[in-house]
Each structure stands twice: as C-alpha cells, then as structure tokens.
Amino acid sequence: MSTPTPTLKLMIPGPIQPEEEVLEAMGGPVQPHYGPEWTHIHNETLDMLRKVYGTSGDVFILVGSGSSALDACLGSSLSTGEQVVIGVNGWFGERLVAIAQQYGLEVIPVHAPWGQPLDPADFRKAFEDYPQARLAAIVHLETSTTIVNPIQEIGPMAARYGRVLMVDAVSSLGGIPIQMDAWGIGLCAS
C-alpha cells in the first residue's frame, strides 16, 4: 500500500491553495459575466460580503489586488491638494501614506511607535488641528507589527468630526471582526 503524498499548504496572505470543491467548480464550464444566472450569483455574493463587512451599504467587487482597492478608495475620495489624516504604526500605514502622496494629497500623519496601536486621542487632535481633512485612513491589522488598531473607537470619533474613515482591511477581513456600519467606517478595502 502506498503512502499518500501530503498536500502543500501555503500559510501566507496570498496566493492561497483553493479547496478541492473550488477547484472542481473552476474546472467546469465558464459562465458569462452577464445575464440572469450571473446576476443571481453576483447579488448572492454581494449579500454574503455585506455580512462579512458588517454593512448594509454598497459593496463593490474589483478585479485586482487589495492594493488596487486601497488605491481606488484614496484616488476616488479626494482631489489633488486635499488633506488626509493617515495612521502610521507600521509598514502598511507608511504604504497608505505613499499611495496618498502619489495622488498629490497632503498627508497629516498620526504616528504611533511600531508595535503599538494608534491612539484615538491623537486622531482627535488631528481632526481638531486640520478641519479641512475630510478623510482619515487607518490599517486595521498592521501585519508588519501584528497590531490591531482600535477602529471601533476611531470610527465614531471621525463621524462626530464629519470625517470619512477609510480602513485597510486587506489582512483582517474575514479573520477578525469588522463592523463597517457600527464602527462608522465609510470605505473599507480588502
């Protein structure tokens, strides 16, 4: 009797090894991305995603990486020269800064030491000091330092100050709870 060959399991953010049933479905006939059958699948998928995101709002599926979703959120929310408050306590926060600067946005950084969560009080000060900043952006799970930032505290505060909160949930969505509506998140990319 031969010993079965073990299946390689990648334990990284991506690419992933799909489950066997997913591979089987992908091996079936290609379905068109239009028509009533597709509309049903698309709407069902959006309904499931709303549950994962914790929102009753609009959900959009983009073809691309999580980075493309971050880019789309920042690039479509503000115009060149506008201010954005960005939480920086790791590599991915710094990356949000770089994306914003590529759009010619004036970045107001809110720093915390790497390995420490962002402080909501620092956001309150930034909102008070920079009333023209209409958007704040934060990484939910800063994987470079393993820190989960206190979105549930910063989101309602951003709303009180009339700011839209954008969250980078590329590494957290589906792994740890996120509640867009309850936490006051206006844009969430994953």
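Everything quoted here is computed from the prediction, not taken from an experiment.

Our focus in this paragraph is the packing of aromatic side chains. Each aromatic ring pair is specified by the distance between its two centres and by the angle formed by the two planes. Under the definition given, this model contains three aromatic pairs. Between the aromatic rings of Phe127 and Tyr161, the centroid separation amounts to 5.7 Å while the plane-to-plane angle is 45 degrees, which identifies the pairing as tilted. In this pair, Phe127 is assigned in helix H5 (residues 120-129) and Tyr161 in the loop between helix H6 (151-160) and strand S6 (164-168), connecting sequence segments 34 residues apart. By relative accessible area, which is 2% here, Phe127 ends up buried. Residue classification places Tyr161 among the partly exposed residues on the basis of a relative accessible area of 28%. The structure contains a cluster of three or more aromatic residues connected by ring pairs, namely Phe123, Phe127 and Tyr161.

When two helices pack together, their arrangement is given by the angle between the helix axes and by the axis-to-axis distance. As a packed pair, helix H3 (residues 66-77) and helix H4 (residues 91-102) sit with axes 10 Å apart at the nearest point and diverge in direction by 50 degrees. By the angle between their directions, the pair H3 and H4 is classed as oblique. Crossing of H3 against H4: the hand is right-handed. Between H3 and H4, the residues in contact are Ser67, Leu70, Asp71 and Leu74 and Arg95, Leu96, Ile99 and Ala100, respectively. Its residues placed into classes, the contact of H3 with H4 shows five nonpolar, one polar and two charged.

For strand S3 (residues 135-139), the tally of buried residues reaches five of five residues, placing the bulk of the element in the interior. Both faces of S3 are covered, namely the face carrying Leu135, Ala137 and Val139 and the face carrying Ala136 and Ile138. With three bridges connecting them, strand S1 (residues 83-88) and S3 associate as parallel partners. Along S3, the bridge assignment pairs Val85 with Ala136. Pairing between S3 and S6: five bridges, direction parallel. By the bridge assignment, Ala137 is partnered in S6 with Met166.

Each value, and the rule that gives it
- Residues numbered from 1 in each chain as written.
- Predicted model: local features only at pLDDT ≥ 70, side-chain atom pairs only at ≥ 80, totals over all residues.
- Heavy atoms only, no water.
- Phe/Tyr/Trp six-rings, centres within 6.5 Å; stacked < 30°, edge-to-face > 60°.
- Helix = DSSP H or I, 4+ residues; strand = E, 2+ residues; numbered from the N terminus.
- Buried < 20%, exposed > 50% of the residue type's maximum accessible area, 1.4 Å probe, protein only.
- Axes fitted to C-alpha atoms, helices over the stretch in contact; angles between N-to-C directions.
- Parallel < 35°, antiparallel > 145°, perpendicular 65-115°, else oblique.
- Left-handed = near helix turned anticlockwise from the far one by under 90°.
- Contact = heavy atoms within 4.5 Å.
- Nonpolar A, V, L, I, M, F, W, Y, C, P; charged D, E, K, R; others polar.
- Pairing = 2+ DSSP bridges.

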